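Chains, contacts and geometry: an overview
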Amino acid sequence: MKARTTLIFAVIALILAGVVLLDYKKGTTTEKQREQSRRLLTLNADDVTRVEVALTNLTLVVEKSGERWQIKRPIDYRADTGSISSIIDGLEFADKDRTLTEQDLAGMNLGELGLTAPRAKITLTTKTGPIVVLIGAETPTKNAVYVQVEGRKEVYVTNKSIFNRVARPLTDFRDRTLMDFDPALANRVELKNAERVAELTRAGGTNGEQLWSLVRPLATRADQAAVSGLLNGLAGLRVVNFVSDDPKDLHTYRLNEPAREITVSKSGSEGVLTLLVSAPLTNDASKVYAKLKNSDAIFTINLADIQRSDLPVADLRDRRVLAFNDPDVQGIEIQRGTDRLVLARTNDQWRVTVPVTEEADAKRVGDLLANLRGLRAEQFAADVATDLEKYGLAVPQVIVKLQGSGTNVVGQLLVSAPAATNTVSYVKRESEPFIYGVAGSFVGSLPGDHWALRSRRVADLTAAKISKIEIVRPAGKLIVARDPAARWRLVEPAQGVLDIDGVDILADVLARLDAEEFRSAKPVALNQPDHTFTITAGDKTVTLALAGTEAAWSEPNLSFSLPAPTAQTLTKDLLAAPATTNQPPPQAGK
C-alpha cells in the first residue's frame, strides 16, 4: 500500500514538473516573439555581407571578406569595422516606436514624410536576400524619423540614431590603422632615413625559436624586446587626417622623395607593406604626410609616433654578451694565465675537476652562470676586432669557456683587465668580431680559484655517531661523552651541570658544518685559537680550531670563515656551576 501511494505521488510530481517546464518554455517563446514584434527588422548581423548607403551627397558601398570590411565605393580602402557594425547593429535593434498602417496613410502624401526622396537608402545584402530601408524626414519632435522597409506598406517611426549612424563623412568609415599587420607574423623590417638603413630578419634558432637578427648595417644578434616594441609601435600607428586619394599628389605632399621609408614583410600570404613618410609639415611641425606604397591614400600622422621607429642601430642590438640557456651548459672553464678552473656537470650535479676534484656548491655555480648570462654591453667598442691589443685582449686576463654536450661550445669569452679608470672592461666572444665594453667590476666578480666554488660543506658526519667531544677553551677543558644508552655525560671537569640540549645542538652543528668562505692560506689568528674541538665519530677523530669566526678543519685540511651565528653556537658555554646550599651536612646515624 505504501509503495503504491509513493508511486502515485511520484507520477504527480513528474506531471507538475512537466507543466512548469512547458509553461516556462512557452513564456520564454512568447517573450521573444513579443520582443521581435517590436523590432523594425528581422535581422542577424552576422548574416550581412554587403552594405550600401545612398545619401544625398555620398554613396557608400562596403563588402565583407572573412571578418573584415572593405570600402568598394567611392574608393577602394579598408573600412572601419566599428563604424560598419554600428550601422548594422542600429538596424538590427531598432524598435518601431509607432506604426502608420495603410489605413493611417490613406490620403497622405509620402513626400510629406520624406519618403519619396528619402534622405538615406540603406541596402543590406544577407544570406536570405536584400533588405532595403528608406529613412525619411524627422518627426515634429525632432528625436525620431520616418522609415519604410521596401515591400511593406506601413511606415514606422523610430529613433533618429538610425540616421545619425549613416549620415557621416566618408573619413569616418575608413580604417585609421596605418600598417595593417600582425607583429607575430612579421619576418623582415627595413628602416630607412637620411642617417642610416637598418634591416632585420627573423628565422628559426637552434632550438626552433623564431629570433630576430640584424642584417644591415652589420650582421649580429638583435634585441628581441626592442624589435617587438618597434613592431608593436608600427602596428599601432593611426591616421590623423586623410588628405588625398589622388596618385598625382605624390609630389605635392613631398612623398616622391620621402624622409623615411619603413618596410614590413609578413609571412604567409600577407605580403609586404612599405610606408613612405615626409619631412614635418611647414605649417604644423608635429605632423608628417605619409602613404603606403601600394595605395593612393595620403594622410597625416603624428611625428612623435613615427619618430619611435628612428631607433639607433645600437638600440636594436642585443646587449647580452653571452646568450645561452643554463641547461645547455655542461662544463665551465675559467683560465687566468696558466691557472685553470674547470667544472663539469653530471646528472645535474656540478663538480670541480681542475685543479682538484671536489663537489661544487650548486648555488654558487648557478650564480656564476647567472652572472655570465646577465653580462650586458655598456658600449659597442668595435664592430671589427682588428686591434686586440688596443683593448687588452691580445693577452686577455681571463678566458671563460662554456662547454655544451659533446664538442659543442656554448660560448667562449675573452676578458681584459679593467681600464685605468676601473669603469670598463673589454670582452670579445670567440665566435663574433665585435668588442664590447662591460662593467669594470665584471672581472672581479669571476671566481679566482676553486675555493670560491667548492661546496660549503666542511664536515659530513652523523650527529648520532659522535661519541665524544673535547673542547679546549679559555675557561678550561670540557669533555663530554655518550654513555651506553647514548646519553651525554660530563667527563671533565668532575663537577658541573651539563646543558644536554646545548650539547645536542653542538653535535648537530659539528656534524654538518658549512663554511662561509674558504681561505687559500691559514689565517695567522689560528696559530693561537680560542677554542679547539676534538670530535670522535666512530673510528674517526677530527679537529676544529676556532679564533673568532676564522676556523680550520683537520680532515680534510681546510681553512675558512664561519657565519657569526655558527661561531656563537660553537662557543656557547655548556657547563653551569653545581648548585650550592647553606645547610650543614647530615650527621652520621641520622
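Look a little higher up for the structure.
Here we summarise the structure given alongside this text. (Residues numbered from 1 in each chain as written. Predicted model: local features only at pLDDT ≥ 70, side-chain atom pairs only at ≥ 80, totals over all residues. Heavy atoms only, no water.)

1. Notes on the pairing of strand S10 (residues 186-192)
Rules: When DSSP finds at least two bridges between two strands, those strands are taken to pair. Secondary structure follows DSSP: runs of H or I at least 4 residues long count as helices, runs of E at least 2 residues long count as strands, and numbering of each begins at the N terminus.
Relative to strand S15 (residues 260-266), S10 is paired through 6 bridges, and the arrangement is antiparallel. Paired with leucine 191 across the bridge in S15 is isoleucine 262. Two elements, S10 and strand S11 (residues 197-204), share 5 bridges in a ladder whose sense is antiparallel. Across the sheet, glutamate 190 pairs through a bridge with glutamate 199, a residue of S11. Connecting the antiparallel pair S10 and S11 is a turn made up of 4 residues.

2. Observations concerning helix H4 (residues 224-235)
Which entries qualify depends on this criterion: Multiplying 1.5 Å by the helix residue count minus one yields the expected span of that helix. Accessible area is worked out with a 1.4 Å probe on protein chains only. A residue is then buried under 20% of its type maximum, exposed over 50%, and partly exposed in between. Residues are treated as being in contact if the distance between any of their heavy atoms lies within 4.5 Å. Polar contacts here mean pairs of N or O atoms no more than 3.5 Å apart (in protein, one a potential hydrogen donor and the other a potential acceptor; neighbouring residues in sequence count only if both atoms are side-chain atoms).
For H4, built from 12 residues, the straight-helix expectation of 16 Å at 1.5 Å per residue is met to within 8% by its first-to-last C-alpha distance of 16 Å. Among all positions of H4, only Ala226, Val227, Leu230, Leu231, Leu234 and Ala235 are buried. Among the structural elements, S10, S11, strand S12 (210-216), S15 and helix H6 (313-316) are those in contact with the buried residues of H4. At the N-terminal boundary of H4, the capping side chain belongs to aspartate 223, with an oxygen 3.0 Å from the backbone nitrogen of alanine 225.

3. Focus: the sheet that holds strand S28 (residues 466-473)
Operational definition: For every element, the axis is a line fit to its C-alpha atoms; helices are fit only across the contacting stretch, and the angle between N-to-C directions ranges from 0 to 180 degrees.
Spatial strand order, S30-S29-S28-S33-S34-S35-S36-S32: 8 strands in an open sheet with antiparallel pairing. Here the strands that pair on one side only, and so sit at the sheet edges, are strand S30 (488-492) and strand S32 (517-519). Averaged over all adjacent pairs, the angle separating strand axes in this sheet is 25 degrees, with direction ignored. Along the sheet, helix H9 (residues 500-511) contacts S28, strand S29 (476-482), S30, strand S33 (531-537), strand S34 (540-547) and strand S35 (550-553); its crossing angle with S28, the most-contacted strand, is approximately 95 degrees.

4. Digging into the environment of arginine 119
Along the chain, arginine 119 falls in the loop between strand S5 (98-100) and strand S6 (120-126). Given a relative accessible area of 28%, arginine 119 falls into the partly exposed group.

5. Observations regarding the sheet that holds strand S26 (residues 424-429)
Pairing is antiparallel in the open sheet, where 9 strands are placed in the order S22-S21-S20-S19-S24-S25-S26-S27-S23. In the strand order of this sheet, the two ends are held by strand S22 (358-359) and strand S23 (379-382), each with one partner. Both strand S19 (residues 331-336) and strand S24 (residues 398-403) contribute to a ladder of 5 bridges, which runs antiparallel. Its bridge partner being in S24, isoleucine 332 is matched across the sheet by leucine 402. Relative to S19, helix H7 (residues 362-373) is tilted by about 75 degrees, and along the sheet it contacts S19, strand S20 (339-346), strand S21 (349-354) and S24.

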